Each structure stands twice: as C-alpha cells, then as structure tokens.
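# Structural description and commentary
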Amino acid sequence: MMKTGVIGLGFIGPAHIEALLRTGLSQVVAVADTNQELARSCAEKFHIPKTYSDYRQLLKDPEIDVVHICTPNYLHYEIAKGALEAGKHVVCEKPLAISSSQAEELVALARERGLVGVTSFNLRYYPLVQQAREMVRSGKLGKLYAYHGSYLQDWLLYDTDYSWRLDSKVSGPSRAVADIGSHWFDMASFVIGAKVTELCADLSTFLPVRKKSRAQRLTFQTSEDDSSDYEEIEIDTEDFAVILFRMENGIRGSLTISQISAGRKNHLQFEADGAESSLAWNSEQPNRLWIGHRDLCNEEMIKDPGLLDSAVRKFASYPGGHAEGFPDTSKQLFEQVYSYLARGGTSCAGEPEFPTFADGLQEARLCEAIMESSREHRWVRV
C-alpha cells in the first residue's frame, strides 16, 4: 500500500485525506502545515502518526511515496519541484503553478524522473459527467456544434468578503479564472475530447477595494459581523469573466465565470449542442443529466449504474436513488491514481486516464491567454 503525506490543511487538505481513506489504497502517514495546532488537530482526527510544521521535513521522510499539495497557489511549484526531486509522486491542487513556464518545468521534471504528476481536476469524476463524455464519444449527439456554460459562486459578493485567494502574491495573477475557470475548461476538454485553440476574454473587478477583517476567516465562510476592525485592501484580480472561444474541430463556445453571483454557491454548468441532440449538466444537481431533442420529448437521466454506459459504471459507487457528490469525485480520482501506481506507474501501466501535470500545463496556458486577451482587447491563440 502506498504511503502518503498531505501538505496544507485548510479546506481541501482534509477533503483529500477523507477521500484517500475511502479508497483503501493509501495510508496517510504524515501531514504538514505552518499552523501546528491545525496539523495536530487534523492528525488526531484522522489517526495520522506524523506532523510537520515545515513541508521540507515531510519531503525528506523516506516512508512517503506520494505527496498531496493542498496549499495556497504560490507554493504549488516549489513544493511539487521539491517532491519530484525527492523521488515522490505528486498530486497537486489546481492551478498546478502560477505561470505556464513553471508548469512546463514540472511536466519535464516528472517525465525525467519517471514519476507520476497529477493535477487534481476532480470534477471530471461526477458519474454523469463521465456519462456525458461517453455519449459525445459514441456519437449520440451527432456532429458537435457548440459547448457553453458558466461557473458561478457568491462567496465574494460583499466588499467585506476576503481570503488569501484575493491576494495575487499568494494566489497568482488570476483569481476567478485560475480558481474555478480552470475546472470548467478542463471538464470541457474532457467531455468534448478537444482543446481550446483561440479565445477572446473580458475580465472585470467590480470590487477594486475590499475590507479585510483583522479576524481570520476561512475560505467560503460568510462575512457576518465578526469584527468591525477592517483593513482596506486594493484588489488586482478578477471577480468576473466572459470568454468566447473556439475549439478543435470547429466547435464554438462561451463561458461566464463569476464569484459575485448571489445565490450561486458552486454552480458549474455546461451544455453541449450537437446535430442530433444536446445535453446539459450542473454541479448543484449532479445526479441529473438533461438530454434535449428536436422532434422527441426531452429526457432526464438520473444517476443509476444500471442506466449508465458500461464504461462509466465504475464511477458510480452507489445504487440508483443514492446521491453521489463532491466528496466522491476525489475518491474516484484517487482510486484511478493509486491503482495506476500499484500497477507500476509510468514504467509499465501505460498512459494514465486521470488528469496529469500536462493538463495542469494546458490550463496555465489557457489562463495566460485569457489574461492577455482581456488586457489587449483581442482574440488570442492558445
């Protein structure tokens, strides 16, 4: 059984640990966080034997085979590079790095060392997203014309909403696009089987100054009146984006990204339009897939292993009527990753089916093209 260390214990670190435990394929033996109290608490909760306050000490631990990186974005590159140099496989939260040049270096280093590098685009692993991909691949929609949708949240609606993700020195030069747009575009390429080739983007920052409470607040925590003591912070990352794009095979698309849309908690939505039918899905109703027809009644597929394509059934762990959601996506991703490692990884297990560092590099290039397009008010090739 592979032994794992997890670095960063905010919102997503414990989610990785829970998912890993559910796979039964990994033993989490160490965690690291600069907040030692948080590290000890997490280790106690999940019965993890070792804690570190410095991630470098975790990377030196000879017992660890795989490192999961769940830290703020600016640390992803240096931790991933250090882990690869220490001979460890890496699972990294998105974005893989805050520049495409950093991502390119990580792709090359993982290949050179014969190690597995994973970008955690877990949202691919909703069963009905997998079903949508299989329907497109099998030609059930006919020739693809268009792919469009949105990713909307409201957790940064007020000027008193603040987290480290708003600090470009920590999160990188892009916020909404890099944070949630990367998931949407990865899912688009996964479902359609084609990459974005050109795009035209308009980015907006509606709240150029925010009030940062001197009381620490976690990501997605609401801005109730926990303190009247605020510091005004200038914001240089986007709240909102509208993107037109062209994909391989002539497919046209559009995307709206927002972190200031009241009532939308985590609403990733897409629609694929083909010559014979369409399909649509959204993450707030993940167990339903809408299928549209011109001359027949429209359909709604409910997640049920017995109704899914045979190639997709492995991604549904529970019977029909038993909902599967966000925590299950990471479990499914990690099952693919750790099963691949158990078969020998890059040396003998063939091409991986899961999102790799190469997918993280593609999203880094897309993000830079989006920022360039908005800045220069023109179409940009990716």
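Residues numbered from 1 in each chain as written. Predicted model: local features only at pLDDT ≥ 70, side-chain atom pairs only at ≥ 80, totals over all residues. Heavy atoms only, no water.

### Focus on the sheet that holds strand β5 (residues 89-92)
Read from one edge of the open sheet, six strands run β3-β2-β1-β4-β5-β6, paired in parallel fashion. A strand with exactly one partner marks an edge of an open sheet, and here the two such strands are β3 (50-52) and β6 (117-119). On average, adjacent strands in this sheet sit at an angle of 25 degrees to one another, irrespective of strand direction. Relative to strand β4 (residues 66-69), strand β1 (residues 2-7) is paired through four bridges, and the arrangement is parallel. Counterpart to Val6 in the pairing with β4 is His68. Contacting β5 and β6, helix α10 (residues 357-376) crosses the sheet at an angle of about 45 degrees to β6. (Pairing = 2+ DSSP bridges. Helix = DSSP H or I, 4+ residues; strand = E, 2+ residues; numbered from the N terminus. Axes fitted to C-alpha atoms, helices over the stretch in contact; angles between N-to-C directions. Contact = heavy atoms within 4.5 Å.)

### Looking at the nonpolar core
Judged by nonpolar contacts, the single largest core of 50 residues is most densely connected at Tyr147, Trp184, Val191, Ile243 and Phe270. With 11 residues, helix α8 (residues 176-192) is the single largest residue contributor to this core. (Core = buried A, V, L, I, M, F, W, Y, C linked by side-chain atoms within 4.5 Å. Buried < 20%, exposed > 50% of the residue type's maximum accessible area, 1.4 Å probe, protein only.)

### So, the layout of surface pockets
In this structure, the second largest pocket encloses a volume near 960 Å³. Taken together, 38 residues make up the lining of the second largest pocket; nearest its centre are Pro352, Glu353, Phe354, Thr356 and Asp359. It is α10 that contributes the most residues to the lining of the second largest pocket, seven residues altogether. Counted by class, the lining of the second largest pocket contains 16 nonpolar, nine polar and 13 charged residues. (1 Å grid on protein atoms, 1.4 Å probe; cavity = no way out; pocket = protein on both sides within 12 Å on 5 of 7 lines; lining within 4 Å. Points joined across faces, edges and corners; volume = space filled by probe spheres on them. Nonpolar A, V, L, I, M, F, W, Y, C, P; charged D, E, K, R; others polar.)

### Here we look at unusual backbone geometry
Cis rather than trans, the peptide bond between Lys94 and Pro95 has omega equal to -10 degrees. Turning to its location among the elements, Pro95 is positioned in the loop between β5 and α5 (100-113). Unusually for a residue other than glycine, Asn249 sits at a positive phi of about 70 degrees. Along the chain, Asn249 turns up in the loop between β11 (240-247) and β12 (252-258). Classification of Asn249 by relative accessible area gives exposed; the value is 63%.

### So, the environment of Ile243
Tracing the backbone shows Ile243 in strand β11. The spacing of Ile243 and Gly253 is 10 residues in sequence and 8.3 Å in space, taken between C-alpha atoms. Other than its neighbours up to four places away in sequence, Ile243 contacts Phe185, Leu199, Cys200, Ala201, Gly253, Ser254, Leu255, Ile257 and Ile370.

### So, the sheet that holds strand β8 (residues 196-204)
Ordered by their spatial adjacency, nine strands build an open sheet running β16-β15-β14-β13-β7-β12-β11-β8-β17, and the pairing between neighbours is mixed. Of all strands in the sheet, those bounded by a partner on one side alone are β16 (299-302) and β17 (380-381). Sheet topology places β8 next to β17; two bridges connect them, and they run antiparallel. Among the inter-strand pairings, Glu198 is bridged to a residue of β17, identified as Arg381.

Interpretation note: all reported values are geometric properties and have no functional meaning in isolation.
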